[in-house]
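Report on the structure
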Amino acid sequence: MRTALVIGTGLIGTSAALTLAGRGIHVHLADHDADAVRTAEALGAGTLGEPDGPVDLAIVAVPPAYVARTVADVLRRGVARACLDVASVKGGPRRELEGLGCDLTRYIGTHPMAGRERSGPLAATADLFEGRPWVLTPGADTDTEVLNLALELVALCRAVPVVMDAEAHDRAVALVSHTPHLLSSMVAARLRDADETAVRLCGQGIRDVTRIAASDPAMWIDILSANPGPVADVLAAVAADLDETVRALRALQSADDAKRGGGAAGIEDVLRRGNAGRERVPGKHGTASAAYESVTVLIGDQPGELARIFADAGRAGVNIEDVRIEHATGQQAGLIQLMVEPAAAPGLTTALRERGWSIRQ
């Protein structure tokens, strides 16, 4: 690949353009939003305007509702040897393109499983896709050259290619992406009118659950409008679990021992099923989730403190597998959880104490 055209200079489009431009690809940028495309150009993502002749690959990075008509226009005008989109739903756009009578041999639907709470070109980064799954949904009519160019894009972005059927993809993202976002928003919505004293008690748990609720509502209306059925199916199953859990909690309020026992069993069931589901979430490098031990350290909110504790862990010969930080309310300090292999935890604890760190049990 030597040339590319990126249509749509939001977070995903600009990130892809930055990556390709950084790899020496001549990238052309197009967007109906003049400010966005000029910002992307100023960031070094490419040059404004479509090319004089066909490019190797056109990347359509527009909202799902506009994917089909944009791809159809690219195919009709012959501006690229191959065309792909990066929308978060795949079945609907393909059905629209078939309905428009498009020749789909030069098109493939794709979806990089990467994003941020912020949107727009200023949120873009050249490393956004590194190590993340990038779904490819070739059809029976997809030309081999088109698939190869898509795979080359994924490789240049240092992402991990995953080949799926388009409808299976939409059901999958409904479960692992779209429904979690709605549930995060529903939990966060409970905080809107909560008493201030309750909000001040927010800890890392509520921050983890509500993090993605900060995303742009307009963007998510576009996404959910393109995949409403599968998301509704998952939410219906969650709603059934919620109903059962509410009944179990009410039973725990009963004066009857048998009812309380039944309620406890119901709560235990949902918690254990949650344990089993959480264990299936891929861990480091996409492998099976590993059981790490946490070494919790009090850390000040000053420049260089994170670097210092990581350096001390390195001197102790311990690899930090994961990190979680919980900020203390009203204090210039927090707790950092260093996730390590269980066998390494005692040695790391001793080494950090010797270097003056306060370890919390």
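Residues numbered from 1 in each chain as written. Predicted model: local features only at pLDDT ≥ 70, side-chain atom pairs only at ≥ 80, totals over all residues. Heavy atoms only, no water.

The topology assignment puts D322 in strand β10 (residues 322-327). For D322, a relative accessible area of 39% corresponds to the partly exposed category. Leave out the neighbours within four places in its chain, and D322 touches Q337, L338 and M339. (Helix = DSSP H or I, 4+ residues; strand = E, 2+ residues; numbered from the N terminus. Buried < 20%, exposed > 50% of the residue type's maximum accessible area, 1.4 Å probe, protein only. Contact = heavy atoms within 4.5 Å.)

Its location among the elements puts D56 in strand β4 (residues 55-60). If we ignore the near neighbours within four places in the chain, the residues touching D56 are M1, R2, T3, R81, A82 and L149.

Turning our attention to the environment of A4. Within the element layout of this structure, A4 appears in strand β1 (residues 3-7). Looking at A4, the relative accessible area reads 0%, which means it is buried. As a C-alpha pair, A4 and D170 span 166 residues in sequence and 27 Å in three-dimensional space. Sequence-distant contacts of A4, defined by excluding residues within four places in its chain, comprise L20, I25, H26, V27, H28, V55 and L57.

All right, on to empty space enclosed by the protein then. Applying the stated criterion across every chain yields a total of one cavity of 30 Å³ or more. Space inside the largest cavity adds up to approximately 30 Å³. Among the residues making up the lining of the largest cavity, the classes are represented as two nonpolar, two polar and two charged. (1 Å grid on protein atoms, 1.4 Å probe; cavity = no way out; pocket = protein on both sides within 12 Å on 5 of 7 lines; lining within 4 Å. Points joined across faces, edges and corners; volume = space filled by probe spheres on them. Nonpolar A, V, L, I, M, F, W, Y, C, P; charged D, E, K, R; others polar.)

Considered as a void within the structure, the second largest pocket measures approximately 200 Å³ in volume. Every element with two or more residues in the lining of the second largest pocket is listed here: β9 (293-300), α12 (305-315), β10 and β11 (333-340). Take the lining of the second largest pocket: its biggest share by element is three residues, from α12. For the lining of the second largest pocket, a count of residues per class yields six nonpolar, six polar and two charged.

This part covers the packing of helix α4 (residues 91-99) against helix α6 (residues 166-192). Remark: α4 packs on α6, axes separated minimally by 8 Å, with the N-to-C direction vectors making an angle of 145 degrees. Contact residues: α4 offers G91, G92 and R95, while α6 offers A166, E167 and D170. By residue class, the composition of the contact of α4 with α6 is one nonpolar, two polar and three charged. (Axes fitted to C-alpha atoms, helices over the stretch in contact; angles between N-to-C directions.)

Okay, the sheet that holds β9 next. In space, the four strands of this open sheet follow the order β10-β11-β9-β12, with antiparallel pairing throughout. The open sheet terminates on both sides in strands that have one partner only, identified here as β10 and β12 (358-360). For this sheet the average axis-to-axis angle between neighbouring strands, irrespective of direction, equals 30 degrees. As judged from the three bridges shared by β9 and β12, these two strands associate in the antiparallel manner. Paired with V297 across the strands is I359, a residue of β12. Most of the contacts of helix α13 (residues 345-354) go to β9, to which it runs at about 15 degrees, and overall it touches β9, β11 and β12. (Pairing = 2+ DSSP bridges.)

All right, on to α4 then. Every buried residue of α4 is accounted for by G91, G92, P93, R94 and L97. On its buried face, α4 is in contact with α3 (64-77), β6 (107-112) and α6. Of the residues trailing α4, G101 is marked for its positive phi of about 75 degrees.

With that settled, the discussion passes to the sheet that holds β4. Strand order in this open sheet of eight strands is β3-β2-β1-β4-β5-β6-β7-β8, and the pairing throughout is mixed. Looking along the sheet, the strands with just one partner apiece sit at the ends: β3 (47-48) and β8 (160-163). Judged from the four bridges that link them, β6 and strand β7 (residues 133-137) form a sheet pairing that is antiparallel. Note that in β7 the partner of H111 across the bridge is V135. Packing against the sheet, helix α5 (residues 144-156) makes contact with β4, β5 (80-85), β6, β7 and β8, and its axis sits at approximately 60 degrees to β5.

Turning next to a nonpolar patch on the surface. Taken together, the side chains of L306, F310 and V323 present a nonpolar region at the surface, about 220 Å² in accessible area. Residue position: V323 is located in strand β10. (Patch = residues over 30% accessible without salt bridge, like charges linked within 9 Å, V, L, I, M, F, W, Y side chains within 5 Å. Areas by Shrake-Rupley, 256 points an atom, 1.4 Å probe, with all protein chains shown as cover. Salt bridge = Lys/Arg side-chain N within 4 Å of Asp/Glu carboxyl O.)

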